Amino acid sequence: MSDDVRSLFVVSLPRSLSSLLYVAAARSIGLAEPVWTSDGEILNRERVPRRLQSHAPADERFTLLGSSPGVFAAMTAHLEENTERRGHAYKDVVQPFVVAGWDPAQAASVYEVRPWTLVEGLVRADAVIEALPGESVSYDDAIVDPDPLDTALRRLYPEVSFPDAHYIDRRFIRTRKRLEADRRDSLLFRRIESIVSAVRERLFYDEPRDASVEAVL
């Protein structure tokens with residue numbers, strides 16, 4: 001694929017099918033993947049082999065400008081120095097606030113007890129990701145059908161001709177059925193689901209309605 005094609009940056013929360021969708025999208029469009037990390041995760045030090053640690057960022061996750069300005073600036077500089085605007089594909093699941101250029105005081109500020117603090121931080125990160133410019137593909141849609149990914153890519157690249165993305169096969173379907181059964185029968189999942197719902201409702205009423213974010217890439 002020509003370097004004239006704009007680079008793709010996939011931003012997601014961890015464990016949300018993002019690696020599979022990233023690979024399918026990059027290969028469908030013909031975008032190059034960074035060679036010093038896996039699945040395009042240029043802000044995740046754990047993805048960088050030891051022999052290539054000179055390319056790795058700091059070992060931080062969900063860094064915030066308000067609480068860690070030095071690390072936040074270093075992560076932003078790492079993004080600027082190690083990304084190409086054309087012909088490449090990247091992904092992030094550990095630094096959504098850096099990618100968004102967001103400046104909150106802290107990730108979790110309402111709750112003080114785990115797992116509520118963890119859930120609040122993830123809900124805030126999800127809101128930042130949702131506000132980024134671009135196209136969104138939900139986990140619930142993508143796990144059933146590749147069409148949402150194809151639709152999002154064709155909206156992003158209307159001038160490019162490329163084949164449909166493929167990632168759903170028999171192995172994927174078997175895994176999906178097993179995970180669906182586990183979720184359906186899990187008391188822990190239902191407990192976490194209720195906590196997420198409660199945190200979302202609390203933040204909806206506590207947060208100011210005029211908050212905005214600006215994308216870095």
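Model, not experiment: these values are computed from the prediction.

Asks: Hey, could you run me through the overall build of the protein chain in this one?
Replies: Assigned secondary structure in the protein chain consists of eight helices and two strands. Across the 217 residues of the protein chain, 38% fall into the buried class. Pairs at least 24 apart in sequence give 69% of the contacts found in the protein chain among residues at least 6 apart. A total accessible area of about 12900 Å² is found for the protein chain, and carbon and sulfur atoms account for 50% of it.

Asks: Any chance you could explain the pattern of salt bridges here in plain terms?
Replies: Between side chains of opposite charge, a pair can form when the charged atoms approach closely. All chains considered together, the criterion is met by nine salt bridges. Between Lys91 and Glu41 there is a salt bridge; the shortest N-O distance is 2.7 Å. With Lys91 in strand E2 (residues 89-92) and Glu41 in the loop between helix H1 (18-29) and helix H2 (69-81), this pair connects stretches of sequence that are 50 residues apart. The residues Lys91 and Glu41 share a single accessibility class, namely buried.

Asks: When you look at unusual backbone geometry in this model, what are you seeing that I'm missing?
Replies: Excluding glycine, most residues fall at negative phi; most peptide bonds, likewise, are trans. Of note in this structure, Arg15 is not a glycine but carries a positive phi near 60 degrees. Within the secondary structure, Arg15 sits in the loop between strand E1 (8-11) and H1. In the Ramachandran plot, Phe62 falls in the positive-phi region, its phi being about 55 degrees despite a non-glycine side chain. Turning to its location among the elements, Phe62 is positioned in the loop between H1 and H2. Assessed through its relative accessible area of 21%, Phe62 is described here as partly exposed.

Asks: Would you mind going over the pairing of E1 with me for this structure?
Replies: Every regular strand shows the same layout, with side chains that alternate between the two sheet faces. Here E1 shows two buried faces, one formed by Leu8 and Val10 and the other by Phe9 and Val11. Of the pairings in the sheet, the one linking E1 to E2 comprises four bridges and is parallel in character. Each bridged residue has a counterpart across the sheet, and for Leu8 the counterpart in E2 is Ala89.

Asks: Before we go on, may I ask you to explain the side chain of Lys91 in this structure?
Replies: Taking relative accessible area as the criterion, Lys91 reaches 1% and is therefore assigned buried. In this structure, Lys91 is in contact with Phe9, Val10, Ser18, Ser19, Tyr22, Asp39, Gly40, Glu41 and Ile42, ignoring residues within four places of it in sequence.

Asks: Whenever I open this one, the environment of Ser194 confuses me. Can you help?
Replies: Structurally, Ser194 is set in helix H8 (residues 187-206). Within polar-contact distance, the side chain of Ser194 engages the backbone oxygen of Arg191 at 2.6 Å.

Asks: When you look at H2 in this model, what are you seeing that I'm missing?
Replies: Because an α-helix completes one turn every 3.6 residues, residues spaced three or four positions apart along the sequence face the same direction. In this model H2 runs 18 Å from its N-terminal to its C-terminal C-alpha over 13 residues, within 8% of the 18 Å that 1.5 Å per residue would give. Every buried residue belonging to H2 is among Phe72, Met75, Thr76, His78 and Leu79, and all of these are buried. Buried residues of H2, seen end-on, are gathered within an arc of 155 degrees and therefore sit on one face of the element. The exposed set on the far side of H2, more than 90 degrees from its buried face, consists of Gly70, Glu80 and Glu81. Of the surrounding secondary structure, the elements contacted by the buried residues of H2 are E1 and helix H3 (96-100).

Asks: Whenever I open this one, the nonpolar core confuses me. Can you help?
Replies: Soluble globular proteins: nonpolar side chains tend toward being buried together. Leu8, Ile29, Leu31, Leu149, Leu153, Tyr157 and Tyr167 are the most contacted members of the largest nonpolar core, which has 23 residues in total. Going through the elements one at a time, E1, H1 and helix H6 (147-156) are the ones with two or more residues in this core. Ranked by the residues each element gives to this core, the list is headed by H1, at seven residues. Residues in contact with Leu8, not counting those within four places in the same chain, are Ala25, Leu31, His88, Ala89, Tyr90, Leu153, Leu156 and Tyr157. Listed in part, the 21 residues of the second largest apolar core include Val48, Leu79, Ala125 and Leu132.

What counts, and at which threshold
- Position numbers for residues count from 1 along each chain, tracking the sequence in the order it is written.
- Given that the model is predicted, a residue must reach a pLDDT of at least 70 before its local features are reported, and side-chain atom pairs must reach 80 or more before they are shown or counted; all residues, however, enter totals for whole chains, interfaces and linings.
- Only hydrogens and water are set aside when side-chain values are computed; all heavy atoms of the structure are taken into account.
- We count a stretch as a helix when DSSP gives it H or I for four or more residues in a row; a strand needs E for two or more, and each element gets its number in order from the N terminus.
- Only protein chains enter the accessibility calculation, which uses a 1.4 Å probe; a residue whose area is less than 20% of its type maximum is buried, one above 50% is exposed, and one in between is partly exposed.
- The criterion used for residue contact is that any of the two residues' heavy atoms lie within 4.5 Å.
- Each accessible area is a Shrake-Rupley estimate made with a 1.4 Å probe; only the visible protein chains count as cover when residues are assessed.
- Any Lys or Arg side-chain nitrogen found within 4 Å of a carboxyl oxygen on Asp or Glu counts as a salt bridge.
- The criterion for strand pairing is that DSSP finds at least two bridges linking the strands in question.
- We define a polar contact as two N or O atoms separated by no more than 3.5 Å, with the added condition that, inside protein, one atom must be a possible hydrogen donor and the other a possible acceptor, whereas residues neighbouring each other in sequence contribute only through side-chain atom pairs.
- In this analysis, the expected span of each helix is defined as 1.5 Å times one less than the number of residues it contains.
- For this quantity, the arc is that covered by the directions from the helix axis to the C-beta atoms.
- Only buried residues count toward a nonpolar core, which is a set of Ala, Val, Leu, Ile, Met, Phe, Trp, Tyr and Cys residues joined through side-chain atoms within 4.5 Å.

Purely spatial values, then, with no claim about function.
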